[in-house]
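# Structure at a glance
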Amino acid sequence: MAPKYRLTYFNLRGLGEIIRLTFAAANVEFEDVRVTEEEWAKIKPTTPLGHIPMLEIDGKPLAQSNAIAHYVAREHGLAGESNMEQAQVDMFVDTWQDVAKPLIDIYYIKDEETKRELTKKYSEETVPTFMASLEKLLCSNNDGDGFLVGNKVTLADIAFINVMSWLDSLGPNVLEKFPKLAALRKRVEAIETIAEYIKQRPKTDH
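Report on the accompanying structure. Bear in mind the structure is a predicted one, so any value in this text is a computation, not a measurement.

## A look at the overall build of the chain
For the chain, the helix and strand inventory stands at 8 helices and 4 strands. Along the chain, helices and strands appear, N-terminal first, in the series β-α-β-α-β-β-α-α-α-α-α-α. What you see for the chain is a C-alpha radius of gyration of 17 Å, in line with the 17 Å of a compact globule of 206 residues. Principal-axis analysis of the C-alpha atoms gives the chain an extent of 45 × 45 × 30 Å. The burial tally for the chain puts 43% of its 206 residues in the buried class. Restricting to contacts in the chain with at least 6 residues of sequence separation, those with at least 24 account for 67%. Surface summary for the chain: the accessible area is close to 11500 Å², and the carbon and sulfur share equals 52%. Charge separation in the chain, taken as the distance between the mean sites of 25 positive and 32 negative side-chain charges, equals 2 Å.

## A closer look at unusual backbone geometry
Here I52 and P53 are connected by a cis peptide whose omega angle stands at 20°. Take P53: it is sitting in the loop between α2 (37-43) and β3 (54-57). Residues other than glycine seldom take positive phi values, yet D143 does so here, at roughly 60°. Its location among the elements puts D143 in the loop between α5 (112-139) and α6 (155-167). The exposed category is assigned to D143, whose relative accessible area is 56%.

## Concerning a negative patch on the surface
A cluster of like negative charges, contributed by D111, E112, E113 and E117, occupies part of the molecular surface. In this fold, E117 is placed in helix α5.

## Comments concerning α6
Its 13 residues give α6 an end-to-end C-alpha distance of 18 Å, which sits within 8% of 18 Å, the value for a rise of 1.5 Å per residue. With 13 of 13 residues buried, α6 is to be regarded as a mostly interior element.

## Notes on the nonpolar core
One finds W96, M131, L148, F160 and L167 to be the most contacted residues of the largest nonpolar core, which totals 52 residues. It is α6 that contributes the most residues to this core, 10 residues altogether. With residues up to four places along the chain from it excluded, the contact list for F160 reads W96, L148, L175, L181, L184 and R185. With 7 residues, the next largest nonpolar core counts Y9, V33, V35 and M54 among its residues.

The rules behind these values
- Just so you know, the residues in each chain are numbered from 1, in the order the chain's sequence is written.
- Restriction of local features to residues with pLDDT of at least 70 applies here, the model being predicted, together with a cutoff of 80 or more for giving and counting side-chain atom pairs; totals for whole chains, interfaces and linings are based on all residues.
- With hydrogens and water excluded, all non-hydrogen atoms of the structure serve as input to the side-chain values.
- Each helix corresponds to a stretch of at least 4 residues labelled H or I by DSSP, and each strand to a stretch of at least 2 residues labelled E; elements are numbered beginning at the N terminus.
- Restricting the calculation to C-alpha atoms gives the radius of gyration, and the globule rule supplies 2.2 Å times the number of residues raised to the power 0.38.
- The cut-offs for exposure are 20% and 50% of the maximum accessible area for each residue type, with area from a 1.4 Å probe on protein chains only; residues under the lower value are buried, those over the upper are exposed, and the others partly exposed.
- Whether two residues touch is decided by their heavy atoms; if any such pair falls within 4.5 Å, the residues are in contact.
- Note on areas: Shrake-Rupley with a 1.4 Å probe; residue coverage comes only from the protein chains shown.
- Counted as positive: Lys and Arg. Counted as negative: Asp and Glu, with His and the chain ends omitted from the count.
- To locate a charge, take atom NZ for lysine, CZ for arginine, CG for aspartate or CD for glutamate.
- Residues enter patches when they are more than 30% accessible in relative terms and free of salt bridges; like-charged ones are connected within 9 Å and nonpolar ones (Val, Leu, Ile, Met, Phe, Trp, Tyr) within 5 Å.
- Counted as salt bridges are all cases of a side-chain nitrogen of Lys or Arg within 4 Å of a carboxyl oxygen of Asp or Glu.
- To estimate how far a helix should reach, multiply one less than its number of residues by 1.5 Å.
- To define a nonpolar core, start from buried Ala, Val, Leu, Ile, Met, Phe, Trp, Tyr and Cys residues and group those joined through side-chain atoms within 4.5 Å.

See below:
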């Protein structure tokens, strides 16, 4: 009997979206519980570590977004076919987090002038540097015409499209100079179950 999954997070993409996208890629049903701040204050004491996302598997709670995403990926064939592929998937997931972290830090800066300056530097220097390396790595696997790791979609690709949804705030040309990555994004987002999820998910700012 298939386990029952219940994911609790806020009504935003944030740290929970990579998990939701992984379930979509696996075509596995889960209960998507989106709590308000008021509701969160009430259930916080009941969570394992005092924060969300939290995934319950047949009632057993699991915390930490990365741990949850990797668990779902391993359970449903999205974590790589060998130990090497699994390590490569981990490498890409960690790298996509490195790409996103400065943008998250910038988001919380109050001074608007400082925010503009840092956003400009991030957009013009940090992101292109990362993307150049990642495009090269993609091209080392099947000439860049498949996926980041192995011969099928993995958590590495899911993390990529998740981070790209954040980078879209920088404008439409983030991947203009990286055609293989741009094509990969289209390929992954066109997977039927992922496309359907993206189409019907609630519209949120982040």
